[in-house]
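Inside the fold
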Amino acid sequence: MNIHEYQAKQLLAQYGVAIPATEVCDTADAARKIAEQLIAKGAELIAVKSQIHAGGRGKGTFKSGFQGGVKLCRTAEDVYEKAKAMLGNVLVTKQTGPEGRLVSKLIIAAAPEIEKELYLAVLLDRSSSRPVVMASTEGGMDIEEVAARTPEKIIKESIDPALGMMPYQARKIAAALGLKGDLIGQGAKLLLGVYKTWWESDASLVEINPLCIVRTREGKETLLAVDAKFSVDDNALYRHPNIQAMRDLAEEAPLEIEASKFSLNYIKLDGSIACLVNGAGLAMATMDIIQHFGASPANFLDVGGGASQDQVAAAFKIILQDPNVKGILVNIFGGIMDCNVIATGIVAAVKETGLKLPLVVRLEGNNVEAGRKTLAESGLTIISGGSMADAAQKVVKAVA
Ligand code: GDP
Ligand code: MN
């Protein structure tokens, strides 16, 4: 699960990471009011930032034609204008896909003058099975380019999960980031805070881009997390009710939300062949084989090892709500799963939804004979698949 920038900053602040004073609003009038207060307190520059679960906002474009999901303003009136142009409009960035995301909340914050933009992230390195800190002196909006063209400019520090980030590692990264004088100690403290946020929240990613060196009004240099991205491991969400409360359903695909209510693992894709499978590995293999025979899967769907009849019926209804679906492939290998439960669920769902699309079913394993009998005696037009390849070919053919 992802959360918004302003929520990520709240979490980071709890671990002592310095963030700009930040307020959130959902109307242009409120944006103006916050800006007036910030200006009264001496702010010279105000940042107006679209809150969506995707990066690349700075260089994004609204469907209205308005350029930029992050704007800097000098007056409260300008903040009002920019807020009006963003709220209720759809922002398209490199990370949103062409459909973009509706902006319904903004951060209004005093924007410091930035002297240098750095990059910092903590994530899990799957090849070493350890947390890794990635940092770069070349932070800002083009970090993907930096990683692609000059990978040597990305510093990596592997962390022993049993020990956590050691102070010497934090100082080493701070030094590699070119921090000098006071900023080394400050940077090390910030790194430890960011790592602790990542670790204690069961995050899969905490990314701060840019991490900025800014100058205070007294002329002192200091570090600030100007942007923040945070993803948490869904399997650990139950341990973090505070983070769970940050879930923004408006940012998630509606069918995926519906599926999560039935504990179904569903991810919508762009193809035309829906699949209903038990087991994540088999679901991936099913998607591959559909692709292999020249079509594209409409979704990933794992109904789990012990799905009930109700779950199967719910799964059917969910895949049918996708208008791109032209055919369905059910691929079940009954280990724990009783094939007859699946068959009964399919028959009930097909009758209830009045399915007209081609349906290919391949059943194998536990109680398969009873399952096949249920399908055969249902009076429904169901194409039976022998092997996985046979079933995939049949559904691809039926759709073509
Ligand atoms: P992203 O494009 O979605 O990653 O959004 P960011 O929050 O990173 O903003 C994009 C860019 O806008 C940053 O790299 C900064 O250069 C600039 N920016 C964002 N917030 C501030 C701020 O508070 N002050 C200043 N001076 N610039 C900012
Ligand atoms: Mn950013």
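Now for a description of the structure that goes with this document. Predicted model, so just to flag it, every value in this text is computed and none were measured. Each chain has its residues counted from 1, running along the sequence as written. Starting at A for chains and at 1 for ligands, labels are handed out in the order in which the entities are written. Only residues with pLDDT of 70 or above have their local features reported here, since the model is predicted, and side-chain atom pairs are shown and tallied only from 80 upward, although totals for entire chains, interfaces and linings are computed over all residues. Water and hydrogen atoms play no part in the side-chain values, which are based on all heavy atoms of the structure.

1. Focus on the packing of aromatic side chains
The geometry of an aromatic ring pair is captured by two quantities: the separation of the ring centres and the angle between the planes. Two aromatic rings from Phe, Tyr or Trp, using only the six-membered ring of Trp, form a pair when their centres are within 6.5 Å; if the ring planes differ by under 30 degrees the pair is stacked, by over 60 it is edge-to-face, and anything between is tilted. Tallying each qualifying case throughout the model produces four aromatic pairs. On the numbers, 6.4 Å between centres and 40° between planes, the contact of Trp-198 with Trp-199 is tilted. Within the aromatic cluster, the residues linked to one another by ring pairs are Tyr-195, Trp-198 and Trp-199. Only when the NZ of Lys or the CZ of Arg is both within 6 Å of the ring centre and within 35 degrees of the ring normal is a charge said to sit over the ring. Positioned above the aromatic ring of Tyr-80 is the side chain of Arg-32, whose terminal nitrogen or guanidinium carbon lies 4.0 Å from the ring centre. Lying over the aromatic face of Phe-66, Lys-71 brings its terminal NZ or CZ to 5.4 Å of the ring centre.

2. Focus: the coordination of the manganese ion (ligand 2)
Only Asn-209 (O) and Asp-227 (OD) from the protein reach the manganese ion (ligand 2) as donors, at distances of 2.2 Å. One end of the pair, Asn-209, is in strand S11 (residues 203-215); the other, Asp-227, is in the loop between strand S12 (221-225) and strand S13 (229-232), with 18 residues separating them in the sequence. For the exposure calls, accessible area comes from a 1.4 Å probe over protein chains only, and a residue counts as buried if that area is under 20% of its type's maximum, exposed if over 50%, partly exposed in between. For Asn-209, a relative accessible area of 12% translates into the label buried. Overall, Asp-227 belongs to the buried group, its relative accessible area being 19%. Donor criterion used throughout: N, O or S atom within 2.8 Å of the metal, extended to 3.2 Å for Na, K and Ca. Water excluded; incomplete-looking sites may result. Working definition: helices are DSSP H or I runs of at least four residues, strands are E runs of at least two. Numbering for both runs from the N terminus.

3. A word on the layout of surface pockets
Here a cavity is any set of points on a 1 Å grid over the protein atoms alone where a 1.4 Å probe fits but cannot get out, and a pocket is any open set with protein on both sides within 12 Å along at least 5 of 7 lines; a residue lines the site when it has an atom within 4 Å of a point. Grid points are joined across faces, edges and corners, and a volume is the space filled by probe spheres set on the points. A volume near 1000 Å³ is recorded for the largest pocket. Along its surface, the largest pocket is lined by 42 residues, and Arg-57, Met-141, Asn-209, Pro-210 and Asp-227 are the ones closest to its centre. Put simply, the parts of the chain that give the lining of the largest pocket at least two residues each are helix H1 (5-14), strand S2 (46-50), strand S4 (70-73), strand S7 (106-110), strand S8 (114-125), helix H4 (143-149), S11 and S13. Here the lining of the largest pocket gets four residues from one element, more than from any other, and that element is S11. Classifying every residue of the lining of the largest pocket by side-chain character gives 20 nonpolar, ten polar and twelve charged. Volume-wise, the second largest pocket comes out at about 820 Å³. Counting residues per element, the ones that place at least two in the lining of the second largest pocket are helix H8 (254-261) and strand S14 (265-268). Polarity classes work like this: nonpolar for Ala, Val, Leu, Ile, Met, Phe, Trp, Tyr, Cys and Pro, charged for Asp, Glu, Lys and Arg, and polar for all others, with Gly in that last group. Residues that form the lining of the second largest pocket fall into these classes: ten nonpolar, seven polar and seven charged.

4. Here's the deal with the sheet that holds S7
Pairing between two strands requires that DSSP report at least two bridges joining them. Here we have four strands laid out as an open sheet, ordered S1-S7-S2-S4, and antiparallel in their pairing. Bordering the open sheet on either side are strand S1 (22-25) and S4, each of which pairs with just one other strand. Within the sheet, the average angular offset between the axes of one strand and its neighbour, ignoring direction, is 20°. As judged from the five bridges shared by S2 and S7, these two strands associate in the antiparallel manner. From the neighbouring strand, Ser-50 faces S7, where its bridge partner is Leu-106. Orientation is described by lines fitted to C-alpha atoms, with helices fitted over the stretch in contact, and by angles between N-to-C directions that extend from 0 to 180 degrees.

5. Examining a nonpolar patch on the surface
Like-charged residues within 9 Å of one another, or nonpolar side chains (Val, Leu, Ile, Met, Phe, Trp, Tyr) within 5 Å, are grouped into patches, provided each residue has over 30% relative accessible area and no salt bridge. For the accessible areas, the method is Shrake-Rupley and the probe is 1.4 Å, while residue cover comes only from the protein chains on display. Basic side-chain nitrogens of Lys or Arg form a salt bridge, by our definition, when they fall within 4 Å of a carboxyl oxygen of Asp or Glu. A grouping of Leu-163, Met-166 and Tyr-168 is seen on the molecular surface, where their side chains present a nonpolar patch of about 310 Å² in accessible area. Checked against the element boundaries, Leu-163 lands in the loop between strand S10 (154-158) and helix H5 (167-176).

6. Description of the pattern of salt bridges
Summed over all chains, the structure comprises 24 salt bridges. A salt bridge links Arg-32 to Glu-77; its shortest N-O distance comes to 3.1 Å. Placement of Arg-32 in helix H2 (residues 28-40) and of Glu-77 in helix H3 (residues 76-86) is noted, with a sequence separation of 45 residues between them. Counted as one network, the salt bridges with shared partners bring together Glu-5, Lys-9, Lys-49, Arg-57 and Asp-227.

Read these as layout, nothing more, since geometry by itself doesn't imply function.
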